[in-house]
Amino acid sequence: MTKYIFVTGGVTSSLGKGIISASLAKLLQARGYRVTIQKFDPYINIDPGTLNPYEHGECFVTEDGAETDLDLGHYERFLNSPTSQANNITTGRIYQNVINKERHGEYLGKTVQVVPHITDEIKRNMRALGETGEYDIIITELGGTVGDIESLPFIEAVRQFKWEEGSNNAIVIHLTLIPFLAAAGELKTKPTQHSVKALLEYGIQPDILVCRTEHHISNDIRKKIALFCNVNINAVIESIDASSIYSVPLLMLKEQLDKTVLSKLKLPSKNEPDMESWKDFLGRLKNPTSEVRIGLVGKYVELPDAYKSITEAFIHAGAKNECKVRVEYIPSESIHPENVKDKLNHLDGVLVAPGFGSRGIEGKIDAIKYVRENNIPFFGICLGMQCAVIEFGRNVLGFENANTTEIDESTPYPVINMMEDQKSVTNKGGTMRLGAYPCELKKGTKAFAAYGKSRISERHRHRYEFNNKYLQAYEEAGLIASGLNPDSGLVEIVELKNHSFFVGGQFHPELKSTVANPHPLFVKFVAAAMEQVKKKK
Ligand code: GLN
C-alpha cells in the first residue's frame, strides 16, 4: 500500500520546499523505499511552458515531454530517477480536466463546484502515481504559502485525503521560518505559531514541522514550538542554512527527519540509509583541487533560476573533475564586436545558453566567433547551438545574413528553420519538439568520446532545427554533425574538428545531469576548461 507525505509551506515563499522534499525522498530511497515526488502548483497556467523565465525560473522538461516546474529538476537530480507529466499538476490543469468532463456531461446535470468537484479532481491526481503500484511512498509538494487564496482548494483536498487515508497513511510536513531578530538577538517562533494556526483553521494538524533558520534552534525553542504547535518534540526539525543544497539530505539525516516520518507512517526503518556515494560526491564538491571560470552567455542572466539545471549540471561535472566551476553570468545583449575580447578573454570556457526570440542573439553570435577563433572551449545548448551554426555560416562559409527563421523569416540563408509539420501550429503551449529523442553518434567524434557509446537519448524543447540543405557545406568546412536523429535525420549535435572543444547540442543535456550521473558533455566541457587553464600557465 502506498503512503503519502504532503509538504506545505508557511510564513513566506522561497523556503526551499523542493529541496526539503527531495532530501527526504533521497533518505527514504537510500533506506530501500521506492519514492517519487510530485508538485501541485496553484497557478492557472496549464503548465509553466508559456511562462517567461523571469516569472517562474526555468521550465524543466521531462522524458515524456511535459513542461514542468523547476523543482522537478531537483527531484531528478537527487533521486536519479525520471519524473513525468503526472508529477506536476497545476490549478489550470485541474480546472481544464473538470471543465472537459462537464462538457462531456459527466457530472449528470449537477452544479459543478470547487467542493467537491475540483477537490475530487485534485485528490484523483494526488493518488494517480500511487495507484501505479510503482511506489511505496509519494511525496507531494504543494506550491504557494498556506493562507494564499489560490492554494485553498489544494489544502482542502489534503484535509480530505488525510481523513480518507487515515493518519498512518498520509502525513503533513509543514515547512516554516524561524526568523532571527538581530536587534533582539533572538529567534522568533510567533510566525510559525500563526502559520500552524492557519493550517488548523483549514482542518489540518501538521505532523512534522521543518523549521528554516539561520541559527541553531535550542532545545527550549524546540519545546516551545512543539507545545504551541501541538507536535512531538522530535517532530520539530531544524533546517539550518546550508552552503550547498546537496548538504541538506545529510542535515536532515542528522535531524532524523526520515526516522520520524517512517514512525508516523508506521513503516519499518529497514537499514540505515546508504549515503556513501552521496558523501563521496560532497567530498569531491567541497575539496576541489583546481578551478575554472566559465562564462554563461544568456538573455535571462539577471535571474539565475532561469538556468537552474545548467548551473546544477556544472556543480555535478565540477565534482566529477574535482574542480571548482565558477560560473560568470554575462548578458548576451552586452556583448559587441568591440568589447567581446574584454568580456571573454579571461574565461576558460564559454557556454551559450538556450533561449527564445531575438533579444541578445547578435551578442551570442559575437561571443561564439571569438571563442571559435581563439580556441576557447565552447558549449552551445539549443539556441546556443543554433547561434554557432549561424556564426559559422556567416563568418566561415560566407553566407551573408545567414540566420534562423525564428528571427529573420526572409534571410537568404535559413541555416536554422522550422520543420514542415510545425509550420501549421498556431497555439503556443506544448507545440514544440518536446521530450526525449534518440540520437546516433558518429564514432571518432568528441561527442562519441564523451558518451562512450553511439546510441544516446536526450531531451528537447524547441521549434527550429538545423537545415539539412546546408549540411554538406558545413561538414566540408569543418563543422560536422556528430549526432543525428536516426528516424528523422535531424542534426542533434555539431562540433568543430580543429578546436580544443567546440560542441553544440540541439537538445538540453543539463536536464539529464544528476548527482549520481553527471552529464558526460558537461564533464568533458569542464575538463576542456581545465586544460585551457593549464595552457595559460
Ligand atoms: N528558440 C529556439 C527554437 O525554438 C531554441 C529554443 C531553446 O533554446 N530551447 O528552436
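Anything mentioned here points back to the structure above.
Residues numbered from 1 in each chain as written. Predicted model: local features only at pLDDT ≥ 70, side-chain atom pairs only at ≥ 80, totals over all residues. Heavy atoms only, no water.

Draft legend 1. Examining unusual backbone geometry more closely. Here the bond from V115 into P116 is cis, since omega is 15 degrees, no more than 30 degrees from zero. Among the secondary structure elements, P116 is positioned in helix α5 (residues 114–128). Phi angles above zero are rare outside glycine, and V11 is one such case at about 75 degrees. Mapped onto the secondary structure, V11 falls in the loop between β1 (3–9) and α1 (17–30). (Helix = DSSP H or I, 4+ residues; strand = E, 2+ residues; numbered from the N terminus.)

Draft legend 2. Seen up close, the site of the ligand. Taken together, the neighbourhood of the ligand is formed by P354, G355, F356, C382, L383, Q386, E406, R461, H462, R463, Y464 and H508. Taking G355, its main chain carries an N or O atom lying 2.9 Å from an oxygen atom of the ligand. Note that an oxygen atom of the ligand is positioned 2.9 Å from one of the backbone N or O atoms of Y464. Relative to its free-state accessible area of 300 Å², the ligand is covered by the protein chains to the extent of 99%. Put simply, the parts of the chain that give the shell around the ligand at least two residues each are α15 (383–395) and β19 (455–462). Of the residues that constitute the shell around the ligand, the class distribution is five nonpolar, four polar and three charged. (Near = heavy atom within 4 Å. Polar contact = N/O pair within 3.5 Å; in protein donor to acceptor, adjacent residues only side chain to side chain. Areas by Shrake-Rupley, 256 points an atom, 1.4 Å probe, with all protein chains shown as cover. Nonpolar A, V, L, I, M, F, W, Y, C, P; charged D, E, K, R; others polar.)

Draft legend 3. Seen up close, the sheet that holds strand β14 (residues 349–352). On the basis of which strands lie adjacent, the open sheet formed by nine strands has the order β13-β12-β14-β15-β23-β22-β21-β18-β19 and mixed pairing. Two strands in the sheet have a free side with no partner beyond their single neighbour: β13 (323–331) and β19. On average, each strand axis in the sheet is inclined to that of its neighbour by 30 degrees, with strand direction left out of account. In this structure, strand β21 (residues 479–484) lies alongside strand β22 (residues 491–496), joined through five bridges in antiparallel fashion. Across the sheet, the residue bridging to I480 is E495, located in β22. Lying over the sheet, α15 contacts β14, β15 (378–381), β21, β22 and β23 (502–505), oriented at roughly 115 degrees with respect to β15. (Pairing = 2+ DSSP bridges. Axes fitted to C-alpha atoms, helices over the stretch in contact; angles between N-to-C directions. Contact = heavy atoms within 4.5 Å.)

Draft legend 4. Region of the structure containing helix α18 (residues 520–536). Helix length check: α18 (17 residues) gives 25 Å between terminal C-alpha atoms against 24 Å at 1.5 Å per residue, within 8%. Where α18 is concerned, the buried positions are L521, F522, V523, F525, V526, A528, A529, M530, Q532 and V533. (Expected span 1.5 Å × (residues − 1). Buried < 20%, exposed > 50% of the residue type's maximum accessible area, 1.4 Å probe, protein only.)

Draft legend 5. Region of interest: helix α11 (residues 276–286). Taken as a whole, α11 has its buried residues at W278, F281 and L282. Projected onto a plane normal to the axis of α11, the buried residues spread over an arc of 100 degrees and lie on a single side. Summarising the geometry of α11, the exposed residues directed more than 90 degrees from the buried face are E276 and S277. The inward-facing, buried residues of α11 abut α1, α3 (71–79), α9 (248–254) and α12 (308–320). (Arc of directions from axis to C-beta.)

Draft legend 6. Spotlight on the pairing of strand β6 (residues 137–142). For β6, the buried fraction is high: six of the six residues fall into the buried class. Here β6 shows no split at all, with I137, I139 and E141 on one side and I138, T140 and L142 on the other all buried. Relative to β6, β1 runs parallel, the two being bridged by five bridges. Paired with Y4 across the bridge in β6 is I138. Bridge analysis of strand β2 (residues 35–41) against β6 gives six bridges, and the strand direction is parallel.

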